[in-house]
Amino acid sequence: LPAGRILLQGEGAIAAVRFDDIIVQKAEPLSTHFDSPDIPSVWKTSDARLASLQREDNGNQYLQLKDAVAAAPDMRPITDLNLSYRVNIRQGGYQVHVRESVQGSVLLDMVGGIMTVSQLDHGGNVIQTWPGIQFYNRNRWEQVGIQFIGSRLQISRDGVLKFDELLQSPPPTGGVDFKTR
């Protein structure tokens, strides 16, 4: 197929194949594996002394946030989001804000292995919150997936769906940021 095309094809003349709810999104230019020598210029940090690129023995390079620091891609406001990242928590916890804007945000708060999801208004006040669930481990890489399409928020870890809710009146658009404490 030429670049930019997708082909959906069944196999055989009588094979019944059904497709539904297909969403195709292209990667934002700020998507990165942090393979460059410096933090990409499209990523901003609240304190450059506490955010750095580190390398594992196997050559894998990653963004390390120490103590209380924030890191965020400098991105245009986005409505439908499919965010995937790997995380390895050694100590402390972290937060992810999605659809963060002047209209509010949705907060994923990770503390002590528990993830609590809250919808916040423009002042950071809780509008709605969901009970915390066991979500992460320490000292191992875990794959996190956040899909926020319309009002539906789905969060997975290592390919297992852990959170699936329809939010009432979520912020329509916004950015993403990561914060450690």
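Located above this text is the structure these notes cover.
Residues numbered from 1 in each chain as written. Predicted model: local features only at pLDDT ≥ 70, side-chain atom pairs only at ≥ 80, totals over all residues. Heavy atoms only, no water.

A. Geometry of the side chain of Thr180. Checked against the element boundaries, Thr180 lands in strand β14 (residues 175-180). Engagement of the side chain of Thr180 in a polar contact is seen with the backbone oxygen of Asp67, the distance being 2.6 Å. Not counting the four nearest positions on each side in its chain, Thr180 is found in contact with Leu65, Lys66, Asp67, Ala68, Val69, Gly93 and Tyr94. (Helix = DSSP H or I, 4+ residues; strand = E, 2+ residues; numbered from the N terminus. Polar contact = N/O pair within 3.5 Å; in protein donor to acceptor, adjacent residues only side chain to side chain. Contact = heavy atoms within 4.5 Å.)

B. Looking closely at the environment of Leu107. Examined against the element boundaries, Leu107 turns out to sit in strand β7 (residues 104-111). Take Leu107: its relative accessible area is 11%, and that puts it in the buried class. Sequence-wise, Leu107 and Val176 are 69 residues apart; in three dimensions their C-alpha atoms are separated by 9.9 Å. Contacts of Leu107, omitting those with residues within four sequence positions, involve Gln95, Val96, His97, Thr116, Val117, Ser118 and Leu120. (Buried < 20%, exposed > 50% of the residue type's maximum accessible area, 1.4 Å probe, protein only.)

C. Region of the structure containing the environment of Arg76. For Arg76, the position within the fold is in the loop between β4 (69-73) and β5 (81-87). Distance in space between the C-alpha atoms of Arg76 and Val176 is 9.9 Å, their sequence separation being 100 residues. If we skip the residues at most four places from it in the chain, Arg76 touches Glu28 and Gly174.

D. Just the nonpolar core, in detail. Of all hydrophobic cores here, the largest spans 32 residues; its most connected members are Tyr85, Leu108 and Ile146. Every element with two or more residues in this core is listed here: β5, β6 (94-101), β7, β8 (114-120), β11 (142-149), β12 (152-157) and β14. The greatest single-element share of this core, amounting to four residues, is contributed by β5. (Core = buried A, V, L, I, M, F, W, Y, C linked by side-chain atoms within 4.5 Å.)

E. Looking closely at a nonpolar patch on the surface. A surface patch of nonpolar side chains, about 500 Å² in accessible area, is lined by Ile6, Leu8, Val17, Phe19 and Ile22. Here Ile6 is to be found in the segment before β1 (43-45). (Patch = residues over 30% accessible without salt bridge, like charges linked within 9 Å, V, L, I, M, F, W, Y side chains within 5 Å. Areas by Shrake-Rupley, 256 points an atom, 1.4 Å probe, with all protein chains shown as cover. Salt bridge = Lys/Arg side-chain N within 4 Å of Asp/Glu carboxyl O.)

F. Focus on the pattern of salt bridges. Under the definition given, this model contains nine salt bridges. Glu142 is paired through a salt bridge with Arg140; the nearest N and O atoms lie 3.1 Å apart. Accessibility expressed as a relative area gives 35% for Arg140, which makes it partly exposed. The salt bridge partner of Lys179 is Asp177, with a shortest N-O separation of 3.8 Å. The exposure class of Asp177 is buried, given its relative accessible area of 7%. Residues participating in the shared-partner salt-bridge network are Arg140, Glu142, Arg157 and Asp158.

These values are about where atoms sit, not about what they do.
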